[in-house]
Amino acid sequence: MSYFNNRRKPASEHVYADIIIWQCSICNCWSRPEFVHVAEPNCPMCKGMMNREAKNIRIE
Ligand SMILES: [Zn+2]
């Protein structure tokens, strides 16, 4: 056997990842890209411009 199997992880541990999201330039609102279907979305809360940004969010 030549593989390691010692990466134990508690079941309660959440997984986070950096993904590109749309972040409002005015308020704290942001959207996942799979919910945005236009090239230049506006914020659903304040109608401000949204920018693509990396954000560390929980994926599991
Ligand atoms: Zn906004």
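This text gives an overview of the structure that appears in the document.

1. Things to note about the pairing of strand 1 (residues 16-24)
Remember that side chains alternate between the two faces of the sheet whenever the strand is regular.
Working step 1: In this structure, strand 1 lies alongside strand 3 (residues 50-58), joined through nine bridges in antiparallel fashion. Opposite Asp-18, over in strand 3, you have Asn-56 as the bridge partner.
Working step 2: Where strand 1 and strand 2 (residues 30-31) come together, two bridges link them in antiparallel fashion. What sits directly across from Gln-23, in strand 2, is Trp-30.
Working step 3: In this antiparallel pair of consecutive strands, strand 1 and strand 2, the connection spans five residues.

2. Concerning the environment of Ile-19
Working step 1: With respect to the secondary-structure elements, Ile-19 resides in strand 1.
Working step 2: Judged by local crowding, Ile-19 falls into the partly exposed class, with 14 C-beta atoms found within 10 Å.
Working step 3: What Ile-19 contacts, discounting residues up to four positions off in sequence, is Lys-55 and Ile-57.

3. Looking at the sheet that holds strand 3
Working step 1: On the basis of which strands lie adjacent, the open sheet formed by three strands has the order 2-1-3 and antiparallel pairing. The outermost strands of the open sheet, each flanked by one partner alone, are strand 2 and strand 3.

4. Details of the environment of Met-50
Working step 1: Secondary-structure assignment places Met-50 in strand 3.
Working step 2: When the 22 C-beta atoms within 10 Å are taken as the criterion, Met-50 is described as buried.
Working step 3: The spacing of Met-50 and Cys-24 is 26 residues in sequence and 4.2 Å in space, taken between C-alpha atoms.

About the cut-offs
- Residues numbered from 1 in each chain as written.
- Predicted model: local features only at pLDDT ≥ 70, side-chain atom pairs only at ≥ 80, totals over all residues.
- Pairing = 2+ DSSP bridges.
- Helix = DSSP H or I, 4+ residues; strand = E, 2+ residues; numbered from the N terminus.
- Buried ≥ 20, exposed ≤ 12 C-beta atoms within 10 Å, placed from the backbone.
- Contact = placed C-beta atoms within 7 Å.

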